[in-house]
Amino acid sequence: MAEEMKDSIVLMGCKHCGKTTQGRLLAQKFGVDFFDTDDEIARLRGMSARVLYKTKGVAEFTLAEEEACHEIIKNNSGRKIVISTGGGICDNPPALQQLREAGTFVFLRLDINHSIDRIMAKIEEVAPGVFSGVPAYVLNEKPATLDDIRAILLKKYTERFKQYESLADVVVDIKNAPIEENFKTLLGALQ
């Protein structure tokens, strides 16, 4: 029989910190449903969160993220669930207000440099100053080099870490380690 969760859990943190992977494991462990806000955006808008952000802009993406959070909370009222959020949820107060009704905010804090390394590993310079695999919010800053991209990410993540730390009910230090090891750390922090 699965253990019981005290509250629903909302996982937050920067891109590639393991929110979706750890969220699925948590939901499985506790026998509850798992939701990813980016998946809900795709379901509601018919396109991925990334494509929506790139083609429709920040304002439309923010509205879609708020709607996704509203739908998840409304459709699961009174039920315990696990929710994984997009990396920029900390910049969306209306969405955060929706999620606050769910329960515990958990910040998965992966070392900033590990977060950046994980993103940089997926970026390719296809021509001088032309990149693929770069988050849209970084491209908005018009980086000319890979070093520019790293600097933009460092500045953004330093700001976001402060936001997440102030929002979180629980902060869990995620290591650049196997998934199972981080899951044990997360479970320990929640109990």
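To be clear, the structure that these remarks concern was listed above.
Quick summary incoming for the structure in this document.

Reading the values: rules and limits
- Residues numbered from 1 in each chain as written.
- Predicted model: local features only at pLDDT ≥ 70, side-chain atom pairs only at ≥ 80, totals over all residues.
- Heavy atoms only, no water.
- Core = buried A, V, L, I, M, F, W, Y, C linked by side-chain atoms within 4.5 Å.
- Buried < 20%, exposed > 50% of the residue type's maximum accessible area, 1.4 Å probe, protein only.
- Contact = heavy atoms within 4.5 Å.
- Helix = DSSP H or I, 4+ residues; strand = E, 2+ residues; numbered from the N terminus.
- Expected span 1.5 Å × (residues − 1).
- Axes fitted to C-alpha atoms, helices over the stretch in contact; angles between N-to-C directions.
- Parallel < 35°, antiparallel > 145°, perpendicular 65-115°, else oblique.
- Left-handed = near helix turned anticlockwise from the far one by under 90°.
- Nonpolar A, V, L, I, M, F, W, Y, C, P; charged D, E, K, R; others polar.
- Pairing = 2+ DSSP bridges.

**What to know about the nonpolar core**
In this structure, I83, I89, L99, I149, L153 and Y157 are the most contacted members of the largest nonpolar core, which totals 40 residues. Setting aside anything within four residues of it in sequence, one finds I83 in contact with I9, V10, L11, F35, T37, I72, I73, L99 and A102. Core analysis: the next-biggest nonpolar cluster, separate from the first, contains 19 residues, A27, V32, V170 and L186 among them.

**Quick notes on helix α4 (residues 58-75)**
Given a rise of 1.5 Å per residue, 18 residues ought to cover 26 Å, and the 26 Å separating the end C-alpha atoms of α4 matches this to within 8%. Among the residues making up α4, those that are buried are F61, A64, E65, A68, C69, E71, I72 and I73. Buried residues along α4 sit against β2 (33-36), α2 (37-45), α3 (49-56), β3 (81-84) and α5 (93-100).

**Remarks on the packing of helix α1 (residues 19-30) against helix α9 (residues 179-190)**
Across the interface, α1 lies against α9 with an axial gap of 10 Å and an inter-helix angle of 60 degrees. Looking at the two axes, α1 sits oblique to α9. The hand of the α1/α9 crossing is right-handed. From α1, T21, Q22, L25, L26, K29 and F30 reach across to α9, where they touch I179, N182, F183, L186, L187 and L190. Classifying every residue of the contact of α1 with α9 by side-chain character gives eight nonpolar, three polar and one charged.

**Focus on the sheet that holds β3**
Strand order in the open sheet made by the five strands is β2-β3-β1-β4-β7, with parallel pairing throughout. This sheet does not close on itself; its edge strands, each paired only once, are β2 and β7 (170-174). The average angle at which neighbouring strand axes cross in this sheet is 20 degrees, direction not considered. The sheet contact formed by strand β1 (residues 8-12) and β3 spans three bridges and is parallel. Residue pairing for β3: L11 is matched across the bridge by S84. The strands touched by α2 within the sheet are β2 and β3, with β2 carrying the most contacts at an inclination of about 70 degrees.

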